[in-house]
Amino acid sequence: MQKSDTLFASPLSSVADFRFDETVAEVFPDMIQRSVPGYQSIINTIGELAAAKVQPNTTVYDLGCSLGAASLAVARATQDIPCNIIGIDNSEAMTNRCKRIIQSFSLPTPIEVNCQSAQDTEIDNASMVIMNFTLQFIPPADRENLLLKIFNGLVPGGILVLSEKIRHPSVAGNELLVDLHHQFKRQNGYSELEVSQKRAALENVMLTDTFAEHEARLKAVGFSDVVMWFKCYNFTSMVAIKHAQETAGE
Ligand code: GEK
């Protein structure tokens, strides 16, 4: 039975910074479905992209894999393509649970799950790298180096799927998207208190960029093609393609 997310339902005297600990891992599937517009469509499309873009005898990396939803979508979609799938997350609560979930499925493509930070992960011979709502939790100063490492670790024709919550550049426009997202959460059963306490918990932990900032940084590390394929309110998913002739940026 899946446990519902009630982590912010009672008033807290002070709201601590959000952490991906055991209490979060336990309710994570419910939390992400009710908080991220289009989450299930994005997972399904990651499977479609894997079927189209994963190359034989390469590796797929799922950085910030949480409970492995994207890795499992890739495994299901690549049953006829010999490849390795590696899920990485720096939360032990997540990787322990993720390993148990993955063991409960018997899929021909094995999924290796490691507890380590994306910044410390070597990316090699990859045809697909997934960061599904993970870069937003990585310190801004580390983001460009991480993306450069991903670009260098991709084979020609390889793709990075980067899903992020984004900030709209104007104050009024950003408020509009934030309000629409909060309305989405209320419609999914979160109370006003839950919405506001969660927002406070994430304030110092989830630091968002604008789409223009993402695009400029992806281009600076070498990706010439950045395709926004999904957007709903302030949530987006992009595919950055490493074309055959591209070499790393400065
Ligand atoms: C999904 N992709 O279900 N290195 C590795 N992992 C990290 C790091 C880091 N430096 N920082 C945070 N994480 C998943 C959802 S959730 C998104 C991703 C969300 C991990 C963190 O432990 C958490 O599991 C994940 O990134 C972000 O498709 O909760 O909004």
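Refer to the structure above for everything that follows.
Residues numbered from 1 in each chain as written. Predicted model: local features only at pLDDT ≥ 70, side-chain atom pairs only at ≥ 80, totals over all residues. Heavy atoms only, no water.

**Description of the overall build of the protein**
Line of reasoning, step 1. Helices and strands together make up the secondary structure of the protein, namely eight helices and seven strands.
Line of reasoning, step 2. The C-alpha atoms of the protein give a radius of gyration of 18 Å, which matches the 18 Å a tight globule of 250 residues would have.
Line of reasoning, step 3. The buried share among the 250 residues of the protein stands at 50%.
Line of reasoning, step 4. Taking the contacts inside the protein whose residues are at least 6 apart along the sequence as the reference set, 78% of them involve residues at least 24 apart.
Line of reasoning, step 5. Accessible surface, the protein: about 11600 Å² in total, of which carbon and sulfur atoms supply 50%.
Line of reasoning, step 6. Here the protein holds 20 positive side-chain charges and 29 negative ones, and the gap between their average locations is 4 Å. (Helix = DSSP H or I, 4+ residues; strand = E, 2+ residues; numbered from the N terminus. Rg over C-alpha atoms; globule rule 2.2 N^0.38 Å. Buried < 20%, exposed > 50% of the residue type's maximum accessible area, 1.4 Å probe, protein only. Contact = heavy atoms within 4.5 Å. Areas by Shrake-Rupley, 256 points an atom, 1.4 Å probe, with all protein chains shown as cover. Lys, Arg positive; Asp, Glu negative; His and termini not counted. Charge placed at Lys NZ, Arg CZ, Asp CG, Glu CD.)

**Topic: the layout of surface pockets**
Line of reasoning, step 1. In this structure, the second largest pocket encloses a volume near 190 Å³.
Line of reasoning, step 2. Considering the residues around the second largest pocket, the lining is formed by 12 residues, among which Phe 8, Asp 17, Arg 19, Asp 21 and Thr 23 are closest to the centre.
Line of reasoning, step 3. Across the lining of the second largest pocket, the residue classes tally to seven nonpolar, two polar and three charged. (1 Å grid on protein atoms, 1.4 Å probe; cavity = no way out; pocket = protein on both sides within 12 Å on 5 of 7 lines; lining within 4 Å. Points joined across faces, edges and corners; volume = space filled by probe spheres on them. Nonpolar A, V, L, I, M, F, W, Y, C, P; charged D, E, K, R; others polar.)

**What about the nonpolar core?**
Line of reasoning, step 1. Ile 46, Val 74 and Met 128 are the most contacted members of the largest nonpolar core, which has 42 residues in total.
Line of reasoning, step 2. What Ile 46 contacts, discounting residues up to four positions off in sequence, is Ala 70, Val 74, Met 128, Ile 130, Asn 132 and Val 161.
Line of reasoning, step 3. Judged by nonpolar contacts, the second largest core, of 24 residues, contains Ala 118, Met 131, Leu 146 and Val 226. (Core = buried A, V, L, I, M, F, W, Y, C linked by side-chain atoms within 4.5 Å.)

**Looking at the environment of Met 228**
Line of reasoning, step 1. For Met 228, the position within the fold is in strand 6 (residues 225-232).
Line of reasoning, step 2. A sequence separation of 222 residues divides Met 228 from Thr 6, and the C-alpha atoms of the two residues are 33 Å apart.
Line of reasoning, step 3. Other than its neighbours up to four places away in sequence, Met 228 contacts Phe 211, Thr 236, Ser 237 and Met 238.

**Points about the pattern of salt bridges**
Line of reasoning, step 1. As enumerated under the stated definition, the model contains eight salt bridges in all.
Line of reasoning, step 2. Among the ionic pairs, Glu 22 bridges to Arg 97, the shortest N-O distance being 3.0 Å. Placement of Glu 22 in helix 1 (residues 22-35) and of Arg 97 in helix 4 (residues 92-103) is noted, with a sequence separation of 75 residues between them.
Line of reasoning, step 3. The residue Arg 217 makes a salt bridge to Asp 209 at a minimum N-O spacing of 2.8 Å.
Line of reasoning, step 4. Three or more residues are tied together by salt bridges with common partners; here these are Arg 143, Asp 209 and Arg 217. (Salt bridge = Lys/Arg side-chain N within 4 Å of Asp/Glu carboxyl O.)

**Topic: the sheet that holds strand 3 (residues 111-115)**
Sheet strands pair via backbone hydrogen bonds, and the direction of the pair is either parallel or antiparallel.
Line of reasoning, step 1. Taken in spatial order, the seven strands of this open sheet run 3-2-1-4-5-7-6, and their pairing is mixed. Each end of this open sheet is capped by a strand with a single partner; those strands are strand 3 and strand 6. Ignoring which end each strand starts from, the neighbouring axes of this sheet average 15 degrees apart.
Line of reasoning, step 2. The pairing of strand 6 with strand 7 (residues 235-241) spans seven bridges and is antiparallel. Across the sheet, residue Met 228 finds its bridge partner in strand 7, namely Met 238. (Pairing = 2+ DSSP bridges. Axes fitted to C-alpha atoms, helices over the stretch in contact; angles between N-to-C directions.)

**So, the site of the ligand**
Line of reasoning, step 1. Every one of the 22 residues lining the ligand counts as a neighbour, but Tyr 39, Gly 64, Ser 66, Asp 89 and Ala 118 are closest to it.
Line of reasoning, step 2. Between the ligand and the protein, one listed contact pairs a nitrogen atom with a backbone N or O atom of Gly 64 at 2.7 Å.
Line of reasoning, step 3. Gln 119 has a polar side-chain atom sitting 2.9 Å from a nitrogen atom of the ligand.
Line of reasoning, step 4. Here the ligand has 660 Å² of accessible area as a free molecule, and 94% of this is covered by the chains.
Line of reasoning, step 5. The class makeup of the residues in the shell around the ligand is 11 nonpolar, 10 polar and one charged. (Near = heavy atom within 4 Å. Polar contact = N/O pair within 3.5 Å; in protein donor to acceptor, adjacent residues only side chain to side chain.)

These values are about where atoms sit, not about what they do.
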